[in-house]
Structures are given as structure tokens and as C-alpha cells.
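# Topology and contacts: notes
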Amino acid sequence: MELDEQVATTEALILSSHLFRSKPQMQRLLKYLVKHTYLNDSAGLQQRSIAVNCLGRDESFDSSKDPIVRIEAARLRKLLDSFYEQDNFIPPPYRISLPKGSYQLSFSRSLENKLSKGLGLLLVCQSPLIATEKAMQLMLRVRRDLSIKLADFRHMDLTVDFSAEGQVAERGAIHFLAEEQHDYVLRIEVVENSRDGVYLLSSVAIHRVTQEILWSQSSVLPESYQVTDLELFYKRLISPLIADAYGLLGKHWSQSYLKKGVEFIPDHQAAYVYYISICNEPTLDGARQYLDFLEGRLERFPADYVAKAGYISLGFFDFFLNYNLIQDTYEIRLRHCYELAKYYPNDAGVALLTGFCYFLLDDYVQAKRYLDTAKKLNRENTLWDFIGGSVLYFMGETEQGIKQIRQLRKYNPSPPGYYFIPEFFYYLERGDTENAFIKGSRVSVADSLEHLIKTLTYFEVGAKSQALDELKRLDQVVDETGSWPECKVLANFPELVTKINRTLKHLRRLEINSGTGA
Amino acid sequence: MTLSSYELTKEIDYLFASHFFCNKPQMRRLLSYLVRHCEDDSEVAFDQRAIAIECLGRSDDFDPAENPVVRIEIGRLRRILNRFYEEEVSRSIRISIPLGQYRPVIEEQFIDSDRGYLPELAANDAKPECLSLLVQFATQGEESAALYLLRHQMRIGLTIDIGKIHGVRLLVALPNEEGKVGDSIDFVMRVVVSATGNGFQVSSSILQGDAEQVLFEHSEALAVDYDHQVIGRLLHHWVSDYFDPQVGQLWSLWLELRRGSDSGENIPLHAMFQYHQFQAQANKQNFEKAMFTVADAVKRHPGDRLLGFALADLYYREMIHGFDVSQEPLRDGIRHVREALRFDPGNASLHTLLASMTFFSKEYDIARMELEAIKDCDDTGYSFSFQRAVLQCLMGEWQAGIKRIALIVDQFGRFPAIYPALEYIYVLLVNDQSAIDRCREKVRQHHCESVVHQCLHFMEFSRFKSDIAMVAVDKEAFSARVRQHLEQ
């Protein structure tokens, strides 16, 4: 059995501590419980199994007569607690404890642990000390809702501040609550404007180290607000800040590590840095680096969820942007998805990726089924909505796919540039030049596909010299990947491919003519 | 105890921010628990068991006779508090835990001045190419719900508005590990709200770093039933007046601050320095320097939003002023603005620049579509409003454009060199004999003859619907007339 790196580190640190060193029975028990907790093996965590398989009792063991397991567990519980309460103590990645009434260990990140698994975010919700009961209730509700919604994002280490004294916002005083493991502070404030009969909901995001305000927004909520009003507020906060290509925060976070050097941070964090930067600004080089990293990581830790999910998600960009880096067959990738689903049966991302793999395998019926499931499971991640919508579009379910993608702009007026790609193709196919131009000119950071689209965009509106410019850039980057019109992305749109080919051919002729002319 | 809980909360926040507490969550929990209960009549909350269970995470079977954790932890907290107040002598409140009891004592202390308004500064030179601003808010007099609301509206409005300005780094007084605030702060903006007999008074003042000397001040009275749009307008005005890249008053001071540190080694800083130098004095010599350094910096830092925007703006200015510096300013400019937009797609100012540049290159359909894409953006800043109005004029809507420009120029009392040129063309277009000579004088006085020529070159007569009855319908004839008049 291969333990997760951090669990293994934690276990090793505990076993080698002076508290455990001379207690072989405790060592055995801890190892046994870690293993069976990790495997989620509830049968192995029964008193009988523990007694027989770990504490050397024979098959005739009867828990009602022999309290050995309870006694030893209580000893271990105390020992674990004292391990974490030592002076001058460097905390391991996890806090392992044995809750009463159970033999299943609980793994939590210890409060003092400064190593976040991804981006550390502290959520602080407040309203003034003098706030009315109703405003306070709204604030508590927002805090509860956001704690649940934000916890959906696995790339974040969310801390929610529940302390009662954090009610006053003054001179930035509230950010004093932030600690070292919080990379960012998100402060939500609810203030009542009784004169106009509204609530003001504001959000401010701050980068702890540089103290910069990265984001600031304010919404008005009527006093008699509906659930839908609140939902809209959440979406408009979460999409641009956290969800769309991992948002402003993800971008800020991953870029700061890329600048510093990914080799200086622990692997489990690097996995997120690479992944987020690929979602943010996909490039062939970045994808290559990420793939190298993932392959190494999966070799050592085949059960690493982040790495495996990253691998399958990378598959989407690999396909969408025509990189063709991933060698594994679609069947193998689908099998990966099923493995992930074993551990995370209710995860929207896993369902989405499964649907995507079925799409690659040309099984559209299954693909749609999984995409549907993903949509139902997914509450907040608008990037997944986009990926789902694009897969639908490329599958030939154009209207449905476009509708799903268009919806996203209600929440984020300036989404990542590649969100406009399906709409561009949609309008181009219909011959709607104006809309194709508007969408096409907003496409950005999508590697070679961006240049293909810009070439077509400018050609459509008759800006030939700019189209030729873009064609040049396209040729510079496309050498390394496959050629565009023959790729699988547009396989379901033969007419569109013909049109694109015609345009490119036309431009190439122009290029040659202007070349000989000069 | 007569202290307001508001004051006390502030003090606790300050304590928690200090290096004594900032890495000790357990100590913070303990202190806030004790302070919260310190007005309780009973001793229930100060029972060792209660503290252990409610605050230190012990279970119900906690026995103080066996486990000394509460005594140990309170002892630790007592020592930390004592050390804190030994260092921080100028606090207005002092919290202590006398020996032999767990109930804290909170005393008010008399201090003689405003000292400690700015927390102590630690060295940190992040992003010198930006203007770093710390915004502080305060209430004068009694706190009330109405004042809180007003302060909140101002705070959020200001951070949103300043966030739209390129090159201003907005900071909060967030302490570092030692509990100190970074000193990369160039200016402090202090906003004070207070209640008056018939409404409110709001004022903003700008101070340099931690000096107490006030550099600029604005003050405004608000009626009790003020409209929140009034605040919106007020904040737009403050933000433009202080920070707008073209007319903001703080940039010349920023140039002074950076002059010494500008060794040329920090490329973005050097570039932004030259850029603002040009903004302060828009002549060809400064333009050449700015163009050269900014273009070079963009090459070294591709994708940098701040530099990207500066370069886009410079290309636009080159076209408007007719500086003959770049080989092909229009082609390179459009290419660059598009590149800058890749990394900053939602930036309305960049879209306006692109619309203007494509208009200059006579790609009228594209210009129109670009404008369409940003029509819903509220134009708040001075420069942004101005640019859009200029394009509006050149596209034929002279009356609306000039009116808009006159309005903002009037509001701020300052204008860029392009304004007299536009005004002059406008009075000639509508043949306003009474103003023609005065406007020509203004053009000469501000040396913007070349801008007049550029505008004449770019403006479109026939393609767009005009909102004035023009005396001239033929562009060539009109241009000739203007040139002739200008040379008289």
C-alpha cells in the first residue's frame, strides 16, 4: 500500500518521536489504524479485528470480556495528544487524532501547520457592532453559504473566521486575523442602509504579504431579498475571483510561485501551481512541464487525486488546443476517471472528466449523461461549466453548449480569453461577421488556437494585413503541434473546416504575392 | 468601566496584529475570551474548567487538579501582555491580568498626542514602479449607524475607483510577521467622516508617508438624506484629482519621491518614471525618452499590464500630438494595444485606445465595433472620459463631445494640450465668430498647433452622422481654411 506522501511523513515523524520510540505496541497500533483508516476499511477497524490482527489476541477474543482494545486505544489517544502538545514542536503536515468512541483516526491539518495544500484563504465575514439583528443574520447566512461554497474548491485551503470579535472593520484592522498560512484574506461585509431599505454587500480580497487590495466589489441587496439575489451575489464573487480559470486569486498565487521557482515549493503544492497556470494561460511549454511533473508524481504516488485529476484535465487542454502531448489511449484515461470516482463519487469534476473521456471515445450518449451529472453536482465551478459547455459544442450539441457558455458571462464580465472560442466558431459558421469579430477579438491566451482565430477574425472584417500578421504568429507556434484544420476539435463541423481552409489558403496566396512583391 | 466596546475591539485588533500575538492563535483565543467576559458579574466564565473547555479545547472531563494547562496558559498571556505594554507605551487602553486572578483589568490611559496613528514601518520595497497608497478611515465624534454606513460606502467606493487606476497600489494597514506595516507607502489618504447639525461632513487629506504635513485636502458637506450617487461623484472627483495619470496631482510628487532612487537598474520603475515625466510635461523630448524606455521595458516584461497600458497610451499620444518618433506608430500601436488587451481583456481604457487607433487608421467598422463592446462601461476617470469624448468629436458628434470635455475640464480646472485644439476646431466648425480668435490664442499659448493638424487629418466628415449643422461639408476645404486661419 502506498500512503499519501504527507500521511506517510506524519506517520514517520510520530513513530520516531521519543513518545513512541520505546513503545512497540503503540507503534504497531498506530500503523495499523493509519493503514486501515487510509483504506477506509471499516471491517479492519472493528475491536475484534484490531485485537486479532494487531494486538496478538487469538480468534476466541471477545470484546465484552477483554477490554484490551479500549485500553490501548485510550493510551494511544493520550499519546497522540501529548505528541501534538510538545514544546518547541515542529508540526507534521497532518494532525492525527483518535476521536472518542471510534477506532477510525481523524486526519486534520493542525492549526499551527503553515503548509497549505494549495492557496490559503481566510474568509472573514462581518457587520458593524451596531448592526441590527436582521443584518447580523444576513451576515451569518452569507458566512455559512460561502464557507460551504468555497469548500468545493480543492485547490484552496479555506479557513473561516468565526470569532465574535471580528465584527468591526476599521483601518484594515480585521486583516490582523490573518496568519502565515493565509495567502489571501477575503473580507465580506454586510451593512444595512435602512434609509433606502437595502443591504450593502461588499467584498475585498487582500494579498497578505504585500498588503495589496487585489479586488473590491460592492452589491446592493433589497431588504426583502430572495435566495436568487444572494446566489447571484455569490456567483459574481466566486466566478471572477476563484472559479474562472481559477480566478484572480489563482492567477496571482500561481504566478508568484512560478516567478519564485516551482522547485522551491513542496510537490503537492507545485501540482496546483502548474495546474492553475495551465488553466490561466495555456502554453505548449507549460503543458509539457506539467506533464513531466505529473508523470513523475504519479509514478511515486499512483493514488494522488490532485495529480490524477490534473492529468485528465490537462487532457482537455491537450485536446482543445491541439497539443497532442498525452500518449495514453482514451480507454486508459477513462479508466483513470473511474478510479478517481471510487474515491470521490460525488465530485463534479470527476463526472465532467469522465464525460469528456467518453466524448473522446465517440460515445456521445454516455458523454452527455456524465456531463449532465457533472452539471447537477457542480455548484460553483464555472470553469467546469465552460469545459462542459465546450464539450457539448464540439460534440455537435451547439445550441445547448453555447447557451451554457453564454450564461457564464452574467457572472464574470471579463472571463478568460478562451471562453470566447466556441462562440466565435458558432458565429463564424453562421456567417455572422459582426458577432464573430466581437467574440474573436476577445479571444486571448489560448496559444496557437488564439492566432488561428485572430487570423480568421481579421480576415472576416477585411483587415488583411492584420490577418497576415496573425497567420505569421500562428505558423511560428503551430509547427510544434498538429495542423489546425485536421485536428479532432472541429471534426463535427466539416463545413466550418472547409471555410477555414479556404481562408487560410487565400491568405497564404496573399502572403506569397506580397513576399514576391517586396 | 466606561470604555466603548468599539475602542476596546480596536485595541484588541491592534494587540493581535503585534508580533506578540500574531503567531499565537491560542493566546488570541484566550485573550478574546477573557475580555469578552470581563464585564460579567459572576465568576462563572473565569472558572478554570470553563476556560479549559470553552477556550482551550479540553473535553468535559477536564480536571484542573490534574491538569495545570489553564494556569500555565494564563501565566503566558499575562507575561505577553506585560511585555507588550512595556514596548507600546502610547496606547490609550491597557489590558492586564493581575496576579492571582483570571479576570483582566482594562484601564484607560492618558496619552498626549495622536502618536501611533500610523503603525511602525518596516522596510519593504515592493513594486516601486507604482504609487503606493495607504487609505485610512476615521470617524470624528460619536459613532452611529448612519456614520458607519457612510464610511462604508466611501471605503468601498474608493477602493473600487482607485482599483481602476493604473499604477496605484492600494494597501491596507496589514502588518507583517513583526506586527509592522510595510513602509513601501508613498502617500496616506485619510478620510474622515463626521456628523454635523444638518447632515454630514466628509473630508479627505493626503499626507506623505508618515509625515504629518497635509499636502492636499478636500472637504464636502452632505445632506442628511444624501443620494448615494452624490458619493459616487464625489469619489470620482477625488480619485481623478489625486491619481489620474494625466491630471492627478500626486504624480508630480511621486516623481520627486522616485527621482533619487531612479538609477535605471529597475527597468519597470525607470520606464514608469519616464512615462509620468511625460504626463507631467507633454513635449517631444519627454515623449522620446518615455517611448524608448517604456517600449524597452515591455520587451523585457511581456504581459505586464502596467507597462503594456503605458505603451498603448504613448502610441495614442504620439498620433494625437503628431510627434514623429516611431517608424510606423499606427501599425505598431494597434499591434501593441491588441497585445496589451490579451493580458487585460476587460480594460475599458485599452478598448477606447484601440477604438481610437483603429479609427485613425480608417478602419471605421472595427472602431465602431470596439466602441460597441465598451458602451456599458461607466467612464469615471478623467483621462478615460476625455479620450472617449475626443473620439466622439472626431467621429462627428462634436456638440456632445465638446460639452462633455468642457464639463470635466471645468470641474478640475486642468486640461491636456489636446483640449484647446479641439475647442478651436469646434468653434470653426460651427463658425462661432466671437470665439475664434480667443481660441486661436489659446492654441498658440499651449503650443498645440500640431494637435490641430493631427485632428484635422483624422476627423471624418461623411461617414458618420454629425450632431451639428456644419458650415463646411468638404473636409479638404475646411482643413485649408483652418490652416489658413491658424497661420494668420
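Computed from a predicted structure; not experimentally measured.

## Looking at the overall build of chain B
A tally of regular secondary structure across chain B gives 19 helices and nine strands. For chain B, with 488 residues in total, the buried portion stands at 56%.

## Some thoughts on the overall build of chain A
Per the secondary structure count, chain A includes 21 helices and seven strands. The principal-axis extent of the C-alpha atoms belonging to chain A is close to 95 × 65 × 45 Å. Taking all 518 residues of chain A together, the buried fraction comes to 57%. Contacts spanning at least 24 positions in sequence make up 60% of the contacts within chain A whose residues lie at least 6 apart. When the accessible surface of chain A is totalled, it reaches about 21,900 Å², and 51% of it is carbon and sulfur. Charged side chains in chain A number 61 positive and 67 negative. The centres of these two groups are separated by 3 Å.

## Brief notes about the packing of helix α5 (residues 145-163) of chain B against helix α6 (residues 228-243) of chain B
Residues and elements named next belong to chain B. Closest axis-to-axis distance for the α5/α6 pair is 10 Å, and the angle between their directions is 45 degrees. One finds that α5 runs oblique with respect to α6. The crossing of α5 and α6 is right-handed. Counted together, L150, Q153, M154, G157, L158, D161 and I162 of α5 and H228, I231, L235, H236, W238, V239 and F243 of α6 form the full contact between these two elements. Partitioning the contact of α5 with α6 into residue classes produces nine nonpolar, four polar and one charged.

## Some points on the pattern of salt bridges
All chains considered together, the criterion is met by 44 salt bridges over all chains. E59(A) is the salt-bridge partner of R48(A), the closest N and O atoms lying 3.0 Å from each other. Within this pair, whereas R48(A) is found in helix α4 (residues 47-53), its partner E59(A) is found in the loop between α4 and α5 (68-84), the two being separated by eleven residues in sequence. Between R406(A) and E423(A) there is a salt bridge; the shortest N-O distance is 3.5 Å. One end of the pair, R406(A), is in helix α16 (residues 398-407); the other, E423(A), is in helix α17 (residues 421-430), with 17 residues separating them in the sequence. Judged by relative accessible area, which is 34%, R406(A) ranks as partly exposed. Each of E450(A), K454(A), R473(A), E339(B) and R342(B) takes part in salt bridges that share partners, so that together they form one network.

## So, unusual backbone geometry
Its identity as a non-glycine residue notwithstanding, N324(A) has a phi of 55 degrees, on the positive side. Looking at where N324(A) falls in the secondary structure, it is placed in the loop between α11 (305-320) and α12 (330-343). Under the relative-accessibility criterion, N324(A) is labelled partly exposed at 48%. Phi angles above zero are rare outside glycine, and H447(B) is one such case at about 50 degrees. By the secondary structure assignment, H447(B) is in the loop between α17 (433-445) and α18 (449-458).

## Quick notes on the nonpolar core
Formed by 126 residues in total, the largest nonpolar core has its most connected members in F320(A), Y418(A) and F425(A). In terms of residue count, the dominant contributor to this core is helix α9 (residues 267-280) of chain A (nine residues). Each of two domains, domain 2 (119-241) and domain 3 (416-518) of chain A, supplies a minimum of three residues to this core. When near neighbours in sequence (up to four residues on either side) are disregarded, F320(A) contacts F386(A), F394(A), Y418(A), I421(A), L449(A), W484(A) and V489(A). By size, the runner-up hydrophobic cluster in this structure holds 122 residues, among which are V135(B), L158(B), M291(B) and A310(B).

## Comments concerning the domain arrangement of chain A
One can read the domain layout of chain A as domain 1 (5-108), domain 2 (119-241) and domain 3 (416-518). Taking only C-alpha atoms, the centre of domain 1 of chain A and the centre of domain 3 of chain A are 61 Å apart.

## Points about helix α13 (residues 364-373) of chain B
Along α13(B), the residues that are buried comprise Y364(B), I366(B), A367(B), M369(B) and E370(B). Each element contacted by the buried residues of α13(B) is listed here: α18 (433-440) of chain A together with α11 (329-343) and α12 (348-360) of chain B.

## Describing the packing of aromatic side chains
Across all of its chains, the model carries 41 aromatic pairs over all chains by this definition. Note on Y382(B) and F386(B): the rings are 6.0 Å apart at their centroids and 10 degrees apart in plane angle, and the pair reads as stacked. Note that Y382(B) and F386(B) are positioned in helix α14 (residues 382-394) at a spacing of four residues, about one turn of the helix. The residue whose ring lies beneath R195(A) is Y226(B), and the NZ or CZ to ring-centre distance is 4.6 Å. A cation sits over an aromatic face here: K235(A) above Y411(A), 5.2 Å from the ring centre.

## With respect to α6(B)
An α-helix turns once every 3.6 residues. As a result, residues three or four positions apart point the same way. Helix length check: α6(B) (16 residues) gives 22 Å between terminal C-alpha atoms against 22 Å at 1.5 Å per residue, within 8%. Within the span of α6(B), buried status applies to I231(B), L234(B), L235(B), W238(B), V239(B), S240(B), D241(B), Y242(B) and F243(B).

## Looking at the interface of chain B and chain A
Every contact between the two is made by 62 residues of chain B and, on the other side, 55 residues of chain A. The junction of chain B with chain A conceals about 5,300 Å² of combined surface from both sides, 53% of it contributed by carbon and sulfur atoms. There are six salt bridges connecting chain B and chain A. For R342(B), the salt bridge is made with E450(A), and the minimal N-O distance between the two is 2.6 Å. Where chain B touches chain A, the interface holds 16 residue pairs in polar contact (both at pLDDT 80 or more). Examining the composition of the side of chain B that touches chain A, we find that ten residues originate from one element, α5(B), more than from any other. Looking at the side of chain B that touches chain A residue by residue, the class counts come to 28 nonpolar, twelve polar and 22 charged.

Thresholds, definitions, all that
- Residues numbered from 1 in each chain as written.
- Chains lettered and ligands numbered in written order.
- Predicted model: local features only at pLDDT ≥ 70, side-chain atom pairs only at ≥ 80, totals over all residues.
- Heavy atoms only, no water.
- Helix = DSSP H or I, 4+ residues; strand = E, 2+ residues; numbered from the N terminus.
- Buried < 20%, exposed > 50% of the residue type's maximum accessible area, 1.4 Å probe, protein only.
- Contact = heavy atoms within 4.5 Å.
- Areas by Shrake-Rupley, 256 points an atom, 1.4 Å probe, with all protein chains shown as cover.
- Lys, Arg positive; Asp, Glu negative; His and termini not counted.
- Charge placed at Lys NZ, Arg CZ, Asp CG, Glu CD.
- Axes fitted to C-alpha atoms, helices over the stretch in contact; angles between N-to-C directions.
- Parallel < 35°, antiparallel > 145°, perpendicular 65-115°, else oblique.
- Left-handed = near helix turned anticlockwise from the far one by under 90°.
- Nonpolar A, V, L, I, M, F, W, Y, C, P; charged D, E, K, R; others polar.
- Salt bridge = Lys/Arg side-chain N within 4 Å of Asp/Glu carboxyl O.
- Core = buried A, V, L, I, M, F, W, Y, C linked by side-chain atoms within 4.5 Å.
- Domains from an automatic or database assignment.
- Phe/Tyr/Trp six-rings, centres within 6.5 Å; stacked < 30°, edge-to-face > 60°.
- Lys NZ or Arg CZ within 6 Å of the ring centre and 35° of its normal.
- Expected span 1.5 Å × (residues − 1).
- Buried area = accessible area lost by both parts, 1.4 Å probe.
- Polar contact = N/O pair within 3.5 Å; in protein donor to acceptor, adjacent residues only side chain to side chain.

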